[in-house]
Amino acid sequence: MSIFNGLPIPRDKSSLREELSRIDESWAAARFDSLPHVVHILTSKDREGELKVLKNQNDIIEEVVDEVVHAYHGGFNKAIQNYSQILRLFSESAQSIGSLKVDLAEAKKLLGAQNKQLHQLWYRSVTLRHIISLLDQIESIAKVPIRIEKLISEKQFYAAVQLHVQSTLMLEREGLQTVGALQDVRSELTKLRGTIFYKVVEDLHAHLFNKGDYSVVISGIEGDDDAIPTTTTDVLSMSYSHSLSRRTRMQKGDNLGFSKPHSIDEGSLDEDGTIDSSVRLNGGEAGPRDAELASRQMPIWLSESTPDKFVEAMKKSDAAQHVKYLHTMVECLCMLGKVAAAGAIICQRLRPAIHEIITTKIKARSAYDTASKPGLCHEPQPVVGPHQKWPLESHMSSKIKHQNGVSFPGALLAASPVSQIMSPRGSAQMSAKDLFGSVLDTVVRIFENHVVVGELLELKSSHHVSMNTPKSMPTDVSWDQDKDVSHDTGGYTIGFSLTVLQSECQQLICEILRATPEAASADAAVQTSRLASKVPSKDKSYGSEDGLTFAFRFTDVTVSIPSQGSDSIRQGWKKGANVVQEGYGTGAVLPEQGIYLVASMYRPVLQFTDKLSGMLPQKFSELSNDGLLAFMDNFIKDHFLPKMFVDYRKSVQQAISNPAAFRPRANVASAYTSSIEKGRPVLQGLLAIDFLAKEVLSWAQAMPKFSGDLINYVQTFLERTYERCRTSYMEAVLEKQSYMLIGRHDIDNLLRLDPASSCLPVSLNQQVRETGGGDAESTVEKQLSDILLSLRPIKQENLIRDDNKLILLASLSDSLEYMAASIEWLGKSCSRDYGHLEENGTEKPNHHTGTSSAAPKDLTLFADEYKKLAADCLKVLRIEMQLETVFHLQEMMNREYLVDEDVEEPDDFVISLTSQLTRRDEEMLRFTADVKRNYIFGGISYIAANLSIKALAEMKSINLFGVQQICRNLIALEQALAAISSIDGEVVQTRLDRVRTYYELLNLPFEALLASITEHNYLFTTAEYVNLLKVQVPGREIPDDAQDRLAEVLRH
């Protein structure tokens, strides 16, 4: 049975366990029922055996019980003995307590008899201890001024303030107030409070402008030029719901767990005047390792300070060193209760300090440039155009000259209203951008410190007077949450510092631009007071409500200074109070000053505003847009853009009205070149306009916000230039037959169908129709030739006889095509830049709001107009050359070619035509590409051949020598056309050989002629064969039925 498991059965009787395991579990049930066992025995066959088994099991159980009793017998006896001992001790204790009660009653009687005497002795001992303590404190306080002076000399300002505050609190204790020996100490502590205050403010001022021992040091030319420091500017978390700046919120670590100014325990002072504290930095006794770790983490300026919440927070903070130091200085001012006076002093010295820093930087830059870079200027790097290996706007190097040695980039530079160094990529622009950018970087680093201090002071102003400030200590700070924050801080706020810094930067801009904005004459003091006193609130937006754009100078900064602060200023803060502001000396650094430098300064201002937006707290975020950027936007819109438009409009007018603007330039080059650098003969006026357009768009790249306005200026200039080109074109073709013909609808359609027109500049609205090859070309040429021949007789006064006009048309066409390609490239560039600007504008809808340029029109439309006019010039030239051919060859009509002898020279009109074609080709060779000259002269051969064949119908008679004379004319014309390099000589030869073959048929007798026609009936038309029979040829007999026989042959 399991009930006996664990019983102490000896090993020699282990068989008992086996016997017990054989006993049924029912014998150990909680409610034993004997009836089943009795029935089992009575019904068993061997009753005696069953009884014997039960007896054996009973014996085994009894034996097990005996073993258990034997094992636990000693324990039972010992327990009984212990119990009897406890009873005995309780009895004795009761007796002792009774005796103690009796003794206490007797002691009470004895003490009551001596009560008064003991009380007197105790009171005397307490009085003596208090007197000894006061004497020790008086001795310690007497050493405090020396200790404070030592801490001040070591720049342990926080420790000095701690000691001063603690000592002041001790002097206010009851018992020390009436001690006459401490009057001198009180007087010295009062003086030391002012001394500490001045030292702290002086050190805080130095660190605000990055001139302190713990300021961020930036390497560069002037020591702080290169980049914004990457250290965080987080204000240490104060366990409050204050709205920190976005930059601070992003970089701030976990809550460091300390709050408003801390209370210093009113303990005692050591013998040397230090504050006694048994608290270790890390709790308990600090071992060597802990001390070494603490020395590494503790800021050096807090090494002498007594550990408190602020010191522990500084030690644990991961903020930058200069941020910790600024926080320490603000904490010192709060403990001294001199926040308003410090703010007033900082406000008073802010403008002179920033003015001095900017002036010093400019002088350092000037000295550096003079010493290391004498005479160095930046090379211009303008936009690259589609026709230039190096852009035209880059003021192409004066070394690039035409083959005749004449340098025209100098003339282009003269066309610009600005000098080369003031151009968009000139040395003056580069110098101004570098200088102004470095100044703004310095201002950003300074403002970074002002944001830290401003947020801390605003936080402190939201709390009540610190417990560290003694009740009797005069204070000039009113920690009333209902009052204006700027009053609690002496007028110093983040908004005020931002206003002054941006105002000073504005004055620097005005000096560089030599500008005097109209708003500068406004009442500066009123505007300053109104803007500087702005207190941001959640329900107020800070857009420029009335157009105030910082166009003034803070000459009279008026701030509210409490009585103690003003006394302090009168007593010891005279320097920098009434400094007369002068210029910055930028003329020594910049090669030139002027309003056009605003382009190089716009992008730095934009970046400057973005950096300020990232630093400012959320409720001050709108102030960044209501400052320097707004001034720049308004200045550019109201002053720069109008002046720029007037200047460039005047330059454009001068460029296109110059007598030489549309005069083809003399060039000794023997062939045309498509490269501007190698001397492409673009008209000087159009080249200057292209230069000016690229330069204006370069300004747009520098100021992308105003690119729409500048592109509109370019469009205005291009429109005016187009009108001037159109005028020049009309002067050349006015009342000329070729000009009137290309305006006819039928001829215009034929010219479009002509495959030769594929070389024309194609615009969006003027497409050359595709044709079906050579047959279509012959058809178009035949139709056009028939129209021109129908205009006979051609009069000389209807032709352009002045070769200079023809050359002008050729040069104008090439120049217009160049301008069209340049405009297309500019249009794509502007569309890409403007689209990128719109994209950025949608990404940052709240940044840089203000005047924006309207979307520019598509410059491609202007390119189409230029292309169309260029094509018209070529069409006029092509039709003019064909009309000139008709004018000369029409003398073949209505005459008799009866020559008596063989003449070796062609006719005079052919000589005149060939010499004229040769001369014009030689003159156009330098102004037109080969494919364009092929288009101009390519139609002459067909119309000459067509006219020569048709002339036979109007001839009265012709003899053998006359046929030879006509063939000689054709050979002379073929040689003249073949000499034009751009024309396909084989095509000319084929066409004119057909004409010679036609006239040589006149030498055949009728039967031979008929046989030739039968063999080659496809060479000429029926009318042309009939004309062969109609003309009178001496010696040739023509039968009466000749025409019928000819018709029968042609039918077959």
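Residues numbered from 1 in each chain as written. Predicted model: local features only at pLDDT ≥ 70, side-chain atom pairs only at ≥ 80, totals over all residues. Heavy atoms only, no water.

A. Molecular detail of the overall build of the protein chain. Helices and strands together make up the secondary structure of the protein chain, namely 35 helices and 2 strands. Taking all 1052 residues of the protein chain together, the buried fraction comes to 49%. Across the protein chain, contacts joining residues at least 24 apart in sequence account for 80% of those joining residues at least 6 apart. (Helix = DSSP H or I, 4+ residues; strand = E, 2+ residues; numbered from the N terminus. Buried < 20%, exposed > 50% of the residue type's maximum accessible area, 1.4 Å probe, protein only. Contact = heavy atoms within 4.5 Å.)

B. Molecular detail of the nonpolar core. One finds Met703, Met955, Ile958 and Tyr999 to be the most contacted residues of the largest nonpolar core, which totals 242 residues. No other element matches the 16 residues that helix H27 (residues 860-889) contributes to this core. Sequence-distant contacts of Met955, defined by excluding residues within four places in its chain, comprise Met892, Arg895, Tyr897, Ile966, Tyr999 and Val1031. (Core = buried A, V, L, I, M, F, W, Y, C linked by side-chain atoms within 4.5 Å.)

C. Expanded view of unusual backbone geometry. Of the consecutive residues Arg792 and Pro793, the connecting peptide bond is found in the cis state with omega at 5°. In this fold, Pro793 is placed in the loop between helix H25 (774-789) and helix H26 (803-843). With a phi close to 60°, Lys155 is a non-glycine residue in the positive phi region. Mapping Lys155 onto the fold places it in the loop between helix H5 (144-153) and helix H6 (157-171). Of note in this structure, Glu735 is not a glycine but carries a positive phi near 65°. Locating Glu735 in the fold gives a position in the loop between helix H22 (707-733) and helix H23 (737-742).

D. Geometry of the packing of aromatic side chains. Per the counting criterion, the structure on display carries 17 aromatic pairs. When the centroid spacing of 5.5 Å and the interplanar angle of 80° are considered together, the rings of Tyr596 and Phe640 count as edge-to-face. Note that Tyr596 is positioned in the loop between helix H18 (563-572) and helix H19 (598-615) and Phe640 in helix H20 (residues 628-657), a separation of 44 residues in sequence. Taken individually, Tyr596 and Phe640 each receive the classification buried, so the pair is uniform in this respect. Measuring from centroid to centroid gives 6.1 Å for Tyr729 and Tyr739, while their planes differ by 75°, and the two rings are edge-to-face. Of the two residues, Tyr729 sits in helix H22 while Tyr739 sits in helix H23, which places them 10 residues apart along the sequence. Looking at Tyr739, the relative accessible area reads 24%, which means it is partly exposed. Taken together, the aromatic side chains of Tyr998, Tyr999, Phe1020 and Tyr1025 make up a single cluster linked through ring pairs. It is Arg878 that lies over the ring of Tyr935; its NZ or CZ is 4.7 Å from the centre. (Phe/Tyr/Trp six-rings, centres within 6.5 Å; stacked < 30°, edge-to-face > 60°. Lys NZ or Arg CZ within 6 Å of the ring centre and 35° of its normal.)

E. Spatial organisation of the environment of Glu1024. Tracing the chain through its elements places Glu1024 in helix H34 (residues 1022-1030). In this structure Glu1024 comes out as buried when scored by relative accessible area, which is 13%. Sequence-wise, Glu1024 and Tyr998 are 26 residues apart; in three dimensions their C-alpha atoms are separated by 8.7 Å. Sequence-distant contacts of Glu1024, that is, excluding residues within four places in its chain, are made with Ile949, Arg994 and Tyr998.

F. Representation of the pattern of salt bridges within the structure. With the rule as written, the count across this model stands at 31 salt bridges. The shortest N-O distance in the salt bridge between Glu92 and Arg88 comes to 2.8 Å. Linking Glu92 with Arg88, this pair stays in helix H3 (residues 47-113), spanning 4 residues, or about one helical turn. Overall, the relative accessible area of 38% leaves Arg88 in the partly exposed class. Between Arg991 and Glu781 there is a salt bridge whose closest N-O contact spans 2.7 Å. Here Arg991, found in helix H32 (residues 985-1000), pairs with Glu781, found in helix H25; they are 210 residues apart in sequence, far enough to count as distant. Both residues of the pair, Arg991 and Glu781, count as buried. What emerges from the salt-bridge pattern is a single network uniting Arg801, Asp803, Glu884, Arg919 and Arg920. (Salt bridge = Lys/Arg side-chain N within 4 Å of Asp/Glu carboxyl O.)

G. Quick peek at the packing of H20 against H22. Following both chains from N to C, one finds H20 and H22 inclined at 20°, their axes separated by 11 Å at the closest point. Between H20 and H22, the angle is such that the two are roughly parallel. The handedness of the crossing between H20 and H22 is right-handed. Here H20 contributes Leu641, Pro642, Met644, Phe645, Tyr648, Arg649, Val652, Gln653 and Ile656 to the contact with H22, which in turn contributes Asp709, Leu710, Tyr713, Thr716, Phe717, Arg720, Thr721 and Arg724. The residue makeup of the contact of H20 with H22, split by class, is 10 nonpolar, 3 polar and 4 charged. (Axes fitted to C-alpha atoms, helices over the stretch in contact; angles between N-to-C directions. Parallel < 35°, antiparallel > 145°, perpendicular 65-115°, else oblique. Left-handed = near helix turned anticlockwise from the far one by under 90°. Nonpolar A, V, L, I, M, F, W, Y, C, P; charged D, E, K, R; others polar.)

H. Seen up close, the confidence of the model for the protein chain. The predicted model of the protein chain averages 75 in pLDDT, with 71% of residues at 70 or higher. Least confident of the elements in the protein chain is H18, whose mean pLDDT is 39; most confident is H23, at 92. A low-confidence stretch, residues 464-483 (pLDDT under 50), is modelled with 49 contacts involving residues beyond four sequence positions or located in other chains. Across residues 517-580, confidence stays below pLDDT 50; counting only partners more than four residues off in sequence or on other chains, it has 105 contacts. (pLDDT = per-residue confidence, 0-100.)

I. Broad picture of the environment of Arg1045. Position of Arg1045 relative to the elements: it lies in helix H35 (residues 1042-1051). In sequence terms Arg1045 and Leu1010 are 35 residues apart; their C-alpha atoms lie 8.4 Å from each other. Aside from chain neighbours lying at most four places away, what touches Arg1045 is Phe1006, Glu1007, Leu1010 and Pro1039.

J. Quick peek at H35. Every buried residue of H35 is accounted for by Ala1042, Leu1046 and Val1049. Seen along its axis, H35 keeps its buried residues to an arc of 60°; they face one direction. Among the exposed residues of H35, those pointing more than 90 degrees away from its buried face are Asp1044 and Arg1051. The inward-facing, buried residues of H35 abut helix H33 (1006-1015) and H34. (Arc of directions from axis to C-beta.)

K. Local environment of the packing of helix H12 (residues 339-372) against helix H14 (residues 427-461). Between H12 and H14, whose axes approach to 10 Å, the crossing angle comes to 165°. Compared by their axis directions, H12 and H14 come out roughly antiparallel. Remark: the crossing between H12 and H14 carries right-handed chirality. For the pair H12 and H14, the contacting residues are Val339, Ile346, Leu350, Ile354, Ile357, Ile358, Lys361, Ile362 and Arg365 in the first and Asp434, Leu435, Ser438, Val439, Thr442, Val443, Ile446, His450 and Leu457 in the second. For the contact of H12 with H14, the residue count by class is 12 nonpolar, 3 polar and 3 charged.

L. Representation of helix H7 (residues 183-208) in the model. Its 26 residues place the ends of H7 37 Å apart at the C-alpha level, agreeing with the 38 Å of an ideal helix rising 1.5 Å per residue. Asn210 sits one or two residues past H7 and shows a positive phi near 60°. (Expected span 1.5 Å × (residues − 1).)

M. Representation of the environment of Leu1050. Structurally, the position occupied by Leu1050 is in helix H35. Along the chain, Leu1050 and Ile1013 lie 37 residues apart, while their C-alpha atoms are 7.9 Å from each other. Among all residues touching Leu1050, those that are not within four sequence positions of it are Ile1013, Asn1017, Thr1022 and Tyr1025.

N. Main features of a negative patch on the surface. On the surface, Asp1040, Asp1041, Asp1044 and Glu1048 cluster together into a patch of negative charge. Examined against the element boundaries, Asp1041 turns out to sit in the loop between H34 and H35. (Patch = residues over 30% accessible without salt bridge, like charges linked within 9 Å, V, L, I, M, F, W, Y side chains within 5 Å. Areas by Shrake-Rupley, 256 points an atom, 1.4 Å probe, with all protein chains shown as cover. Lys, Arg positive; Asp, Glu negative; His and termini not counted. Charge placed at Lys NZ, Arg CZ, Asp CG, Glu CD.)

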